[in-house]
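Chain residues, written in single-letter form:
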Amino acid sequence: MLRDAIRLRLITCHPCPHPWLRHLNKRWRKHEFAARARLSGRAKALGHIPVMREEVLNLWLPGRKYIEATGDNGLIHVIDGTIGLGGHTLAALTLGNANNIRVLGIDRDTVALATAKKRIRSEKVDESRVTFHHGSYSDISPNLLRHLSFPPKVHGILMDLGMNSTQIETASRGFSFRKCGPLDMRFDTTTSEISARDVVNNSSASELAAMFRKFADEPYADEIAANIVQWRQFNPRPKRAQKVTGIQTTMELRYVIEEAVENVKMQLTTDPKENIHQQDKFARFRAIWKSPFKSPRKESKLLKKYEEHKPRHSNHVMRCFQALRIESNKELQHVMDVLSPSSSPISQCLEVGGRLVVMAFNPTEDQVVREGMSGLVNTGDFKYLTPEIDGLRPTLEEFKANGRARTARLRAVERIK
């Protein structure tokens, strides 16, 4: 692993000295891709890294230091409302000498639940200490807890609103714009919830633009929405795929978004010759969906090139994909249902002294969390455990070690009566 890291460092810092010789460049780049692949595979083998692990444990588990020092001293029941790959749950279960922690792990993703079970089993943790439930954190209620043989009031509730690495890396889930797959994006694939494909192909231009602005603050929301609708209407697919209508895959949607942004940038450029040259190189990928290829092999080859091609406007694509994911899974509605002061299950299910801990990864979700916690504190039953305005952010060391933590913001409140 060290050898690959050194090789990758040399390649990236000292590029090929003869860039005009294409065959040397290709050979040089091949070594870089191989080194990256080996490093990536070994990093995955090390397991999922939970974001802000220490901060979460300190807030989620009341009296963590006392628990760690004394071990068994009465049972502590907590809920992981988005167990994902089980990172935070496993950290709690393996905390010092403590064997008195019981966790209810909830997730909408059945694949994530199965992975969490397997991971906890591989760490030789007593499985009786964990109860799994397929559902949403918005389902939490005293009745559900009783049904699962859990106390109706618990000591801590954790909600991690980010995606897990498996969802991003699995092309068939449709979350990543860097991998070609069906445009799905559903957390719960066992239900009949609408997918991102349904949202993209059945929404009007005004609805799409409003969604991109509301959930992602996309500056080119109108232009992207208009291009999506125009693309849907003009759909001369190859004869073998004429029955397929609308935008179907993540790569197709990525191209439509990038094309819309490219057109806007072209109108604002000061160097039209350079812009035309760059656009021509980019526009050749349009033929993947808009030209009837004679050979599926040629189409597949060009699609593979586009998938490996560095996104030209990744920030805009990322924001639009984020908005579609939030809309498809009704994420903000689930958060508001949990944090609503008038009907919040948190008040019913938390012991006095119990904590609610929420980690958000984008400004839209964080704003909803902040407003919801403010409402809980205003009732007089809760107090802040983190700064009201800024919350907690990852340390610089964690930011460097775990890129996924770069946008995380942690907030917590404690029930005081």
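Above: the structure in question.
Residues numbered from 1 in each chain as written. Predicted model: local features only at pLDDT ≥ 70, side-chain atom pairs only at ≥ 80, totals over all residues. Heavy atoms only, no water.

1. A few points about a positive patch on the surface
(1) Moving on: The grouping of Arg 284, Arg 297, Lys 301 and Lys 305 at the surface amounts to a positive patch.
(2) Moving on: Mapped onto the elements, Arg 284 comes out in the loop between helix 13 (272–283) and helix 14 (287–290).
(3) Moving on: We classify Arg 284 as partly exposed; its relative accessible area is 43%. (Patch = residues over 30% accessible without salt bridge, like charges linked within 9 Å, V, L, I, M, F, W, Y side chains within 5 Å. Areas by Shrake-Rupley, 256 points an atom, 1.4 Å probe, with all protein chains shown as cover. Salt bridge = Lys/Arg side-chain N within 4 Å of Asp/Glu carboxyl O. Lys, Arg positive; Asp, Glu negative; His and termini not counted. Charge placed at Lys NZ, Arg CZ, Asp CG, Glu CD. Helix = DSSP H or I, 4+ residues; strand = E, 2+ residues; numbered from the N terminus. Buried < 20%, exposed > 50% of the residue type's maximum accessible area, 1.4 Å probe, protein only.)

2. A few points about the pairing of strand 2 (residues 101–107)
Every regular strand shows the same layout, with side chains that alternate between the two sheet faces.
(1) Moving on: Within strand 2, six of the seven residues are buried, leaving the element largely enclosed by the surrounding structure.
(2) Moving on: As judged from the five bridges shared by strand 1 (residues 76–80) and strand 2, these two strands associate in the parallel manner. Note that in strand 2 the partner of Val 78 across the bridge is Val 103.
(3) Moving on: Pairing of strand 2 with strand 3 (residues 130–134) involves five bridges; the strand directions are parallel. Its bridge partner being in strand 3, Gly 105 is matched across the sheet by Phe 132.
(4) Moving on: With helix 6 (residues 110–122) bridging strand 2 and the parallel strand 3, this β-α-β connection has right-handed handedness. (Pairing = 2+ DSSP bridges. Right-handed = clockwise from strand over helix to strand, strands pointing away.)

3. Considering the pattern of salt bridges
(1) Moving on: Taken as a whole and assessed by the stated rule, the structure comprises 15 salt bridges.
(2) Moving on: Across the salt bridge formed by Glu 259 and Arg 286, the nearest N and O atoms sit 2.4 Å from each other. Here Arg 286 lies in the loop between helix 13 and helix 14 and Glu 259 lies in helix 12 (residues 250–268), a separation of 27 residues in the sequence.
(3) Moving on: Two residues, Glu 327 and Lys 330, come together in a salt bridge whose shortest N-O distance is 2.9 Å.

4. Digging into the sheet that holds strand 5 (residues 350–360)
(1) Moving on: The strand order across the open sheet formed by seven strands is 3-2-1-4-5-7-6, and the pairing between neighbours is mixed. With partners counted over all chains shown, the strands left at the sheet margins are strand 3 and strand 6 (382–384), one partner each. If you compare each strand with its neighbour and ignore which way they point, the axes differ by 20° on average.
(2) Moving on: As paired elements, strand 1 and strand 4 (residues 154–160) share three bridges and run parallel to each other. Residue pairing for strand 4: Val 78 is matched across the bridge by Gly 156. (Axes fitted to C-alpha atoms, helices over the stretch in contact; angles between N-to-C directions.)

5. Notes on the packing of aromatic side chains
(1) Moving on: A full pass over the atoms with the stated rule returns five aromatic pairs.
(2) Moving on: Note on Tyr 255 and Tyr 306: the rings are 5.9 Å apart at their centroids and 70° apart in plane angle, and the pair reads as edge-to-face. With a gap of 51 residues between them, Tyr 255 in helix 12 and Tyr 306 in helix 15 (residues 296–308) connect regions that are remote in the sequence. As far as burial versus exposure is concerned, Tyr 255 and Tyr 306 are alike and both buried.
(3) Moving on: Plain terms: the ring middles of Phe 285 and Tyr 306 are 5.0 Å apart, the flat faces sit at 45° to each other, and that makes the pair tilted. Linking Phe 285 in the loop between helix 13 and helix 14 with Tyr 306 in helix 15, this pair joins segments that are 21 residues apart in sequence. (Phe/Tyr/Trp six-rings, centres within 6.5 Å; stacked < 30°, edge-to-face > 60°.)

6. Regarding the packing of helix 16 (residues 314–329) against helix 17 (residues 331–339)
(1) Moving on: Orientation of helix 16 relative to helix 17, taken along the N-to-C sense of each, is 55°, at an axis distance of 5 Å. Classed by the angle they form, the pair helix 16 and helix 17 counts as oblique. Between helix 16, through Arg 325, Ile 326 and Asn 329, and helix 17, the contact on the second element is made entirely by Glu 331, Leu 332 and His 334.
(2) Moving on: Broken down by class, the residue content of the contact of helix 16 with helix 17 amounts to two nonpolar, two polar and two charged. (Parallel < 35°, antiparallel > 145°, perpendicular 65-115°, else oblique. Contact = heavy atoms within 4.5 Å. Nonpolar A, V, L, I, M, F, W, Y, C, P; charged D, E, K, R; others polar.)

7. Quick look at helix 16
(1) Moving on: Here helix 16 is 16 residues long and its end C-alpha atoms lie 22 Å apart, about the 22 Å a rise of 1.5 Å per residue gives.
(2) Moving on: Those residues of helix 16 not exposed but buried are His 316, Val 317, Cys 320, Phe 321, Gln 322, Ala 323, Leu 324, Arg 325, Ile 326, Ser 328 and Asn 329.
(3) Moving on: In the segment just after helix 16, Lys 330 is the residue with positive phi, at about 50°. (Expected span 1.5 Å × (residues − 1).)

8. Section: the environment of Leu 57
(1) Moving on: Mapped onto the elements of the fold, Leu 57 is located in helix 3 (residues 53–60).
(2) Moving on: Linking Leu 57 and Ala 91, residues 34 residues apart in sequence, is a C-alpha distance of 7.9 Å.

All we've got here are geometric facts, nothing functional implied.
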